Amino acid sequence: MSQAADPLRRDPVGASYAGHEPSTGELVSRLSDEMSQLLRDELRLAQLEMGGKAKKAGLGLGMFGVAGLLALYGVGVLLATAVLVLALVMDAWLAALIVAVVLLAGAGVAALLGKKRVEEAAPPVPTMAVENVKQDVDAVRHPENH
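Asker: Whenever I open this one, a nonpolar patch on the surface confuses me. Can you help?
Answerer: Taken together, Trp 93, Leu 94, Leu 97, Ile 98, Val 101 and Val 102 make up a surface patch of nonpolar side chains, about 560 Å² in accessible area. You can see Leu 94 is positioned in helix α2 (residues 92-121). Judged by its relative accessible area of 31%, Leu 94 is partly exposed.

In structure tokens, the structure reads:
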């Protein structure tokens with residue numbers, strides 16, 4: 001049976017052509033139902049998509065962790081090499097002491113620079129955003145002043 005001959009064929013919004021036009025209330029109800037279903041479907045799709053992306057991100061972060069650990073071991077081997085090279089021209093204990101002092105001095109400088117940066121960032125409150133919100137609340141409470 002062709003669609004043209006079917007007396008109960010539906011149009012795109014689901015209304016039948018069999019002599020019955022849907023009322024505005026029915027159309028609004030259908031629209032509401034279909035929008036709700038569309039939103040639920042989109043949320044489900046977003047959850048699935050984010051789950052896949054989170055899994056990939058987790059694997060990537062794990063690989064970064066392994067890379068960092070291997071780099072740390074590499075630095076340790078380079079430091080041992082520096083001690084061994086210096087030990088060729090001086091006592092081994094003195095070579096190890098020199099490398100340790102250089103490392104601790106570098107750590108001290110990094111700590112002082114880090115402390116300075118943290119102090120510059122304090123307080124950790126979005127002061128501009130808080131001030132803007134206060135102004136917005138004031139404008140809503142007292143519209144005649146703005």
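Asker: Would you take a moment to explain the pattern of salt bridges for this structure?
Answerer: Opposite charge on two side chains permits them to pair, given that their charged atoms come into close proximity. As enumerated under the stated definition, the model contains 3 salt bridges in all. The closest approach of N and O atoms between Glu 49 and Lys 53, which form a salt bridge, is 3.3 Å. Of this pair, Glu 49 and Lys 53 are both found in helix α1 (residues 24-87), 4 residues apart, which corresponds to roughly one turn of the helix. Using a relative accessible area of 47% as the deciding quantity, one classes Lys 53 as partly exposed. For the salt bridge of Lys 115 with Glu 119, the shortest nitrogen-to-oxygen distance reads 3.6 Å. Note that Lys 115 and Glu 119 are positioned in helix α2 at a spacing of 4 residues, about one turn of the helix.

Definitions and limits used
Residues numbered from 1 in each chain as written. Predicted model: local features only at pLDDT ≥ 70, side-chain atom pairs only at ≥ 80, totals over all residues. Heavy atoms only, no water. Patch = residues over 30% accessible without salt bridge, like charges linked within 9 Å, V, L, I, M, F, W, Y side chains within 5 Å. Areas by Shrake-Rupley, 256 points an atom, 1.4 Å probe, with all protein chains shown as cover. Salt bridge = Lys/Arg side-chain N within 4 Å of Asp/Glu carboxyl O. Helix = DSSP H or I, 4+ residues; strand = E, 2+ residues; numbered from the N terminus. Buried < 20%, exposed > 50% of the residue type's maximum accessible area, 1.4 Å probe, protein only.

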